[in-house]
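Report on the structure
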Amino acid sequence: MSGIILFDGVCNFCDSSVQFIMKRDSKEYFKFASLQSGIGQRLLKDHSAPAGLDSVVLIENDRLYTESDAALAICRHLDGPWKLLWGLKIIPARIRNKIYQFIAKNRYKWFGQKEACKIPTPEERKRFLE
């Protein structure tokens, strides 16, 4: 069993987040694909994702998580104290999602966009879906 993280492939913040997750996912629970990729688009369609998703999505146990639910569910599987962030689920989703949406809306302005993706190492490459 594993989770699939779909991320914005041109966002510097999203790329840094993928690198952060990979370093703290010693069990290699997560696989990755960009939202813009063919497989990313197919997975969104297969899971009846709402139109216009442009930031992190988690698919786990055939369920689609978006916004703060996705971010917190990802933290639940990370090594170390990061899994404690799962406890933030007690905050109502509409409040968590307002904060998430504010960051997502400003991520290009604050962190920029990439014209090309980092070339993954062979070890990292096996964690990306094609």
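The following refers to the structure shown. Only a predicted model underlies this, so the values are computations on that prediction, with no experimental measurement involved.

Regarding its fold elements, the protein chain presents five helices and four strands. Along the protein chain, from the amino end to the carboxyl end, the secondary structure elements read β-α-β-α-β-β-α-α-α. A globule of 130 residues ought to have a C-alpha radius of gyration of about 14 Å, and the protein chain, at 14 Å, matches this closely. Expressed along its principal axes, the backbone C-alpha trace of the protein chain runs to roughly 40 × 30 × 30 Å. Burial statistics for the protein chain: of 130 residues in total, 38% are counted as buried. Here the analysis covers contacts within the protein chain between residues at least 6 apart in sequence; of these, 67% occur between residues at least 24 apart. Carbon and sulfur atoms make up 59% of the accessible area of the protein chain, which totals about 8,000 Å².

Along the polypeptide, L64 turns up in strand 4 (residues 63-66). Sequence separation of L64 and M22 is 42 residues, and the distance between their C-alpha atoms is 20 Å. L64 has contacts with H47, A49, P50, L53, V57, L58 and I59, leaving out every residue within four places of it along the chain.

For the rest of this paragraph, the subject is the pattern of salt bridges. If you walk through the whole model with that rule in mind, you get eight salt bridges. Residue R42 pairs with D46 through a salt bridge whose shortest N-O separation is 3.9 Å. With R42 and D46 both in helix 2 (residues 38-46) and four residues apart, the pair spans about one turn of that helix. A relative accessible area of 47% means that R42 is categorised as partly exposed. Its relative accessible area of 51% is what places D46 among the exposed residues. Three or more residues are tied together by salt bridges with common partners; here these are D8, D54 and R107.

Moving on to the pairing of strand 1 (residues 3-7). Most of strand 1 is tucked away: five of the five residues are buried. For the handedness criterion, the β-α-β arrangement of strand 1, helix 1 (residues 12-23) and strand 2 (residues 30-34) is classed as right-handed. In this structure, strand 1 lies alongside strand 3 (residues 57-60), joined through four bridges in antiparallel fashion. From the neighbouring strand, L6 faces strand 3, where its bridge partner is V57.

Next up on the list: the packing of helix 1 against helix 4 (residues 93-111). Taken N-terminus to C-terminus, the directions of helix 1 and helix 4 make an angle of 100°; their axes are 8 Å apart at the nearest point. By the angle between their axes, helix 1 is roughly perpendicular relative to helix 4. Together, N12, F13 and C14 of helix 1 and I103, R107 and F111 of helix 4 make up the contact between the two elements. Counted by class, the contact of helix 1 with helix 4 contains four nonpolar, one polar and one charged residues.

Scoring rules and cut-offs
- Residues numbered from 1 in each chain as written.
- Predicted model: local features only at pLDDT ≥ 70, side-chain atom pairs only at ≥ 80, totals over all residues.
- Heavy atoms only, no water.
- Helix = DSSP H or I, 4+ residues; strand = E, 2+ residues; numbered from the N terminus.
- Rg over C-alpha atoms; globule rule 2.2 N^0.38 Å.
- Buried < 20%, exposed > 50% of the residue type's maximum accessible area, 1.4 Å probe, protein only.
- Contact = heavy atoms within 4.5 Å.
- Areas by Shrake-Rupley, 256 points an atom, 1.4 Å probe, with all protein chains shown as cover.
- Salt bridge = Lys/Arg side-chain N within 4 Å of Asp/Glu carboxyl O.
- Right-handed = clockwise from strand over helix to strand, strands pointing away.
- Pairing = 2+ DSSP bridges.
- Axes fitted to C-alpha atoms, helices over the stretch in contact; angles between N-to-C directions.
- Parallel < 35°, antiparallel > 145°, perpendicular 65-115°, else oblique.
- Nonpolar A, V, L, I, M, F, W, Y, C, P; charged D, E, K, R; others polar.

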